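Geometric and topological summary
Spelled out, the chains give:
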Amino acid sequence: MISVENVSKSFTLHNQGSTVIPVMAGASLHVAAGECVALVGASGAGKSTLMRMIYGNYLTASGRIMVGDTDVASAAPREVIALRRRTLGYVSQFLRVVPRVPTIDVVAEPLLLTGTGADEARAQAATLLARLNIPERLWGLSPTTFSGGEQQRVNIARGFAFAYPALLLDEPTASLDPTNRATVLAMVQEAKARGAAIIGIFHDHAAREALCDRQVDVTGFTPGLAA
Amino acid sequence: MTPLLQVENLAKYYGARIGCTDVSFDLYPGEVMGIVGESGSGKSTLLNCLAGHLKPDHGAVRFATRSDGLRDTVTMSEPERRMLGRTDWAFVHQHARDGLRMNVSAGGNVGERLMAVNARHYGDIREQAIDWLGRVEITQDRIDDRPTAFSGGMQQRLQIARNLVTGPRLVFMDEPTGGLDVSVQARLLDLLRGLVRDMGLSAIIVTHDLAVVRLLADRLMVMKDGHVVETGLTDQVLDDPQHGYTQLLVSSVLQV
Amino acid sequence: MKEYNFAYLDEQTKRMIRRAILKGLAIPGYQVPFASREMPMPYGWGTGGVQVSAAVLTPDDTLKVIDQGADDTTNAVSIRRFFQRTAGVAVTEKTGEASVIQTRHRIPEQALREGQIIVYQVPIPEPLRFLEPSEVETRKMHALEDYGLMHVKLYEDISQHGDIATAYAYPVKVEGRYVMDPSPIPKFDNPKLDMAAIQLFGAGREQRIYALPPYTKVVSLDFDDYPFQPTKADHACALCGSTSSYLDELITDDAGGRMFICSDTDYCATRVEDAA
């Protein structure tokens, strides 16, 4: 489902003396439907970078990134957008929302974009929010004023609202208490069970052990450090 | 899928000065393209050339018309272009005054495009006007008020209603939130997002505000001195800018 | 009067005006620009109508001049005398006997027939002027048949007054193409615009001539659910008793006393004569 093939990347900072920072070379990995693969490595080794490249948020300098039938590295913007709508979900570390939109609509949006009716979408959003213990009195408010943990749970609810065949999860259990952590782990298991291909970054050992079939160490893709 | 708009090698010069040059892109149905740049970048010139307000010096702007397929709007006759401007195209000006009739009521402003395509039943026209004013969150009791009695944000929302009432497929927007209070901007952007999604609109939005473009646009073109220096997926251009100027722009945005 | 050419204007000027008239007749409702001459009366006093009349008059014509339907007001008298002196044509007050009728702001009650010419005095020829001040823009609107704005005016009337409030100079569509201002005739007269005579419109200050050949289709603008109504005062004429003619309202004393009399003096007088 997800196939990263010999991918490389570097950053060129034109306004800071044209410094070139190579961050990745020869990265490859494959994730099949129903598999969960963890990206591991020291902080700054490139885990989030690789995830963003798979999502199309960062440009890939060379190589291919296949998600389903689409090569994200060379796809046109509208193809990437279509991919993100129906195929590839991404739960980042930070919640980024449009100001002023109520929480329940934030979570319902992925469903609205894929054609679910407004009422049905909100109902499903409500179920998710309840499962993640976000009190109903907060559903009508914009999540921008919520605590870190609450925002993270809204972020997760939004990421899991639509049944994506491929999912990227960046620290989904950070900032969560044990109860909610368990809920999120259960949700990831359910996604696996329905056949989603999942790539995750987990600093939480226990979560990693519980969910992931394999681990890939991105340190192996860092230029100059590869053995 | 065929593109809705095909722009090829568009250029406009002011004597020896470059207004914009070497612009080519395809826009597909449902796509929103943002054009950003600072003052003097050529973005407004480009928008006006695309929308038929300025005649480019060379290049083609091909639009997929409903009846005749792809037609170059640059070489189209004026009556045809004006007809397009009343039906399939819309233009939201930066200043509502430029896009509204200030001495005509809100209902009349919204109804004008309908009457221009031969709507002849007063009751129906009024119904549609009320419906559209509702969609842009202007209450029904303001339908007979003149835009001079509206706040800046309301005027801008009225301009949007006026433009969208005939169901255009392509909307050009020139700094749609410029000059509005920040809270009003948020509301307007939200509205635009919803409308673009619900109506499946394609849009080309010119702005110097990167936050607006992140919110509304699928794709981004960065302009400097009349040239397109970078183009791509919006979040990619903003999060992983490749060109030196884009990097400068992005890093200059103040954090709240 | 031998100091002046026939009907005051020189022959070259008449030729220019006639060309404009022919063009106007060929394109009914289209405003033809013309080089309006200085006339011995100020702008706003009928110079357009006078120039058109001067261009079409021949020595055999019989001229009638009315102002708001009356032959005996100052302006009607002055213009009639002007042509008597400069053209030496016969004059009349009887609609039926005239071959050329110059009018300010009314159409005679008696139906006109083939062979007659009626010349209207026009202040502002452009029906869109009050909504769109730019001449460049209104010319484009006419050229491109871009008339949405005209209905906006009617829409505004209905939303503000409950009905289309325009009582005179009511805009019409000519032969399904041009929108035209029929001059400030009361809307009651609009149905008469579909007539057997030639209609010529002259605006001296604005320098435009337009025309309607006989039997041209003229439709007053309206909405499907607010159709055009040619209304008049709901009274009978106090002099002749007519209930179907357009009436002037005259205040007779300081106590608010009023009476309604036919605006068309010839029509009224004829009816009184016939009744006697």
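Residues numbered from 1 in each chain as written. Chains lettered and ligands numbered in written order. Predicted model: local features only at pLDDT ≥ 70, side-chain atom pairs only at ≥ 80, totals over all residues. Heavy atoms only, no water.

Looking at an unreviewed UniProt entry, chain A carries the name Alkylphosphonate utilization protein PhnL, with the source organism given as Yoonia vestfoldensis SKA53.

**Notes on the overall build of chain C**
Helix and strand content of chain C: six helices and 12 strands. Against the globule reference of 19 Å for 276 residues, chain C gives a C-alpha radius of gyration of 19 Å, in line with a compact fold. Across the 276 residues that make up chain C, the buried fraction comes to 53%. Across chain C, every contact between residues at least 6 apart in sequence was considered, and the portion connecting residues at least 24 apart equals 60%. Split by element, the accessible area of chain C, about 12400 Å² in all, is 51% carbon and sulfur. Charge-centre separation for chain C: the mean point of 29 positive side chains lies 7 Å from the mean point of 39 negative side chains. (Helix = DSSP H or I, 4+ residues; strand = E, 2+ residues; numbered from the N terminus. Rg over C-alpha atoms; globule rule 2.2 N^0.38 Å. Buried < 20%, exposed > 50% of the residue type's maximum accessible area, 1.4 Å probe, protein only. Contact = heavy atoms within 4.5 Å. Areas by Shrake-Rupley, 256 points an atom, 1.4 Å probe, with all protein chains shown as cover. Lys, Arg positive; Asp, Glu negative; His and termini not counted. Charge placed at Lys NZ, Arg CZ, Asp CG, Glu CD.)

**Things to note about the side chain of Thr207(B)**
Residue and element names in this part refer to chain B. Looking at the secondary structure, you find Thr-207 in strand β8 (residues 202-207). Looking at Thr-207, the relative accessible area reads 1%, which means it is buried. A distance of 3.5 Å separates polar atoms of two side chains, one belonging to Thr-207 and the other to Glu-175. Contacts of Thr-207, omitting those with residues within four sequence positions, involve Ile-35, Val-36, Gly-37, Lys-43, Glu-175, Val-212 and Val-213. (Polar contact = N/O pair within 3.5 Å; in protein donor to acceptor, adjacent residues only side chain to side chain.)

**Describing the sheet that holds strand β6 (residues 172-174) of chain C**
All names here are of chain C. With antiparallel pairing, the three strands of this open sheet are ordered in space as β7-β6-β10. Two strands lie at the open edges of the sheet, namely β7 (178-180) and β10 (218-220), each paired on one side alone. Within the sheet, the average angular offset between the axes of one strand and its neighbour, ignoring direction, is 30°. (Pairing = 2+ DSSP bridges. Axes fitted to C-alpha atoms, helices over the stretch in contact; angles between N-to-C directions.)

**Notes on the layout of surface pockets**
One way to see where empty space is left: roll a probe the size of a water molecule over the atoms. Considering only enclosed or pocket space, the second largest pocket measures out at about 1100 Å³ in volume. Forming the boundary of the second largest pocket are 36 residues, of which His53(B), Arg82(B), Gly85(B), Arg86(B) and Glu137(C) lie nearest the centre. Listing elements by their share of the lining of the second largest pocket, those giving two or more residues are α1 (43-50), α2 (78-86), β6 (89-92), α3 (96-99), α4 (106-116) and α6 (152-164) of chain B together with α4 (135-143) of chain C. Take the lining of the second largest pocket: its biggest share by element is five residues, from α2(B). Counted by class, the lining of the second largest pocket contains 14 nonpolar, seven polar and 15 charged residues. (1 Å grid on protein atoms, 1.4 Å probe; cavity = no way out; pocket = protein on both sides within 12 Å on 5 of 7 lines; lining within 4 Å. Points joined across faces, edges and corners; volume = space filled by probe spheres on them. Nonpolar A, V, L, I, M, F, W, Y, C, P; charged D, E, K, R; others polar.)

**Points about the packing of helix α3 (residues 103-113) of chain A against helix α5 (residues 148-161) of chain A**
Residues and elements named next belong to chain A. Between α3 and α5, the least distance of the axes is 7 Å, while the angle of their chain directions is 25°. Here α3 is positioned roughly parallel relative to α5, judged by the angle of their axes. In this structure, α3 crosses over α5, and the sense of that crossing is right-handed. In this structure, α3 uses Thr-103, Val-106, Val-107, Pro-110 and Leu-111 to contact α5, whose residues at the interface are Val-154, Ala-157, Arg-158 and Ala-161. In terms of residue class, the contact of α3 with α5 is made up of seven nonpolar, one polar and one charged. (Parallel < 35°, antiparallel > 145°, perpendicular 65-115°, else oblique. Left-handed = near helix turned anticlockwise from the far one by under 90°.)

**A word on the interface of chain C and chain B**
Taken together, the contact pairs 22 residues of chain C with 22 residues of chain B. Carbon and sulfur atoms supply 55% of the area buried between chain C and chain B, which totals about 1900 Å² over both sides. A salt bridge links Arg82(B) to Glu137(C); the nearest nitrogen and oxygen atoms lie 3.0 Å apart. For the pair chain C and chain B, the number of links is 12 residue pairs in polar contact (both at pLDDT 80 or more). (Buried area = accessible area lost by both parts, 1.4 Å probe. Salt bridge = Lys/Arg side-chain N within 4 Å of Asp/Glu carboxyl O.)

**Focus on the interface of chain B and chain A**
Where the parts come together, the accessible area they lose is often given as the size of the interface. Each partner contributes residues to the interface: chain B has 23 residues there, and chain A has 24 residues. Of the roughly 2100 Å² buried where chain B meets chain A, counting both sides, 52% is carbon and sulfur surface. Taken together, chain B and chain A are joined by five salt bridges. Arg84(A) is paired through a salt bridge with Asp235(B); the nearest N and O atoms lie 2.7 Å apart. Here chain B and chain A share 10 residue pairs in polar contact (both at pLDDT 80 or more) between them. If you list the elements that add at least two residues to the side of chain B that touches chain A, you get α7 (182-199), α8 (210-216), β10 (227-233), α9 (234-239) and α10 (244-252) of chain B. Residue contributions to the side of chain B that touches chain A peak at five residues, all from α7(B). Here the residues of the side of chain B that touches chain A sort into five nonpolar, six polar and 12 charged.

**Overview of the nonpolar core**
Within the largest apolar cluster, 67 residues are counted, with the highest numbers of intra-cluster contacts made by Val110(B), Leu158(B), Ile160(B), Val171(B) and Phe223(C). Excluding residues that lie within four positions of it along the chain, Leu158(B) makes contacts with Leu100(B), Ala106(B), Asn109(B), Val110(B), Leu133(B), Ile138(B), Pro147(B) and Phe150(B). Listed in part, the 43 residues of the second largest apolar core include Ile104(A), Leu128(A), Leu176(A) and Phe202(A). (Core = buried A, V, L, I, M, F, W, Y, C linked by side-chain atoms within 4.5 Å.)

**Notes on the state of the cysteines**
Enumeration over the complete set of coordinates arrives at zero disulfides over all chains. Looking at Cys36(A), it has no disulfide partner, and the nearest cysteine sulfur is the one in Cys212(A), 3.4 Å off. You can see Cys262(C) has no disulfide; the closest cysteine sulfur is in Cys240(C), sitting 3.6 Å from it. Taking relative accessible area as the criterion, Cys262(C) reaches 6% and is therefore assigned buried. (Disulfide = S-S within 2.5 Å.)

**Examining the environment of Ser8(A)**
Residue and element names in this part refer to chain A. Summarising the element assignment, Ser-8 is placed in strand β1 (residues 2-13). Ser-8 sits 114 residues away from Arg-122 along the chain, and the two C-alpha atoms are 41 Å apart. With sequence-adjacent residues up to four places away left out, Ser-8 is seen in contact with Met-24, Ala-25, Met-53, Thr-60, Ala-61 and Ser-62. Engagement of the side chain of Ser-8 in a polar contact is seen with the side chain of Ser-62, the distance being 2.7 Å.

**Describing the sheet that holds strand β8 (residues 198-203) of chain C**
Residues and elements named next belong to chain C. With respect to topology, seven strands assemble into an open sheet ordered β1-β9-β8-β5-β4-β2-β3, the strand pairing being mixed. The two strands at the open ends of the sheet, each matched to only one other strand, are β1 (32-33) and β3 (90-91). Bridge count between strand β4 (residues 100-104) and strand β5 (residues 117-121): four bridges; the pairing is parallel. Bridge pairing links Gln-102 to Val-119 in β5. Across the sheet, helix α3 (residues 74-87) is in contact with β2 (62-67), β3, β4 and β5; its angle to β2 comes to roughly 160°.

**Here's the deal with the packing of aromatic side chains**
We describe a pair of aromatic rings using the distance from one ring centre to the other and the angle between the two ring planes. For the structure shown, the criterion picks out 17 aromatic pairs over all chains. Centroid distance Phe201(C) to Tyr210(C): 4.8 Å. Interplanar angle 5°. Geometry classified as stacked. On the basis of relative accessibility, which here comes to 0%, the residue Phe201(C) falls in the buried class. One aromatic cluster is present, built from ring pairs that chain together Phe63(B), Trp89(B), Phe91(B) and Phe172(B). For Arg135(B), the ring lying beneath its charged end belongs to Trp132(B), and the centroid distance is 4.1 Å. Taking NZ or CZ as reference, Arg177(C) lies 4.2 Å from the ring centre of Tyr178(C), over its face. (Phe/Tyr/Trp six-rings, centres within 6.5 Å; stacked < 30°, edge-to-face > 60°. Lys NZ or Arg CZ within 6 Å of the ring centre and 35° of its normal.)

**Re the side chain of Asn57(A)**
Structurally, the position occupied by Asn57(A) is in the loop between α1 (47-55) and β4 (62-67). In this structure the side chain of Asn57(A) is engaged in a polar contact, spanning 2.7 Å, whose partner is the side chain of Arg52(A). Once residues lying within four places of it in the same chain are set aside, the contact partners of Asn57(A) are Arg52(A), Arg84(A), Asp235(B), Gln236(B), Asp239(B) and Asp240(B).

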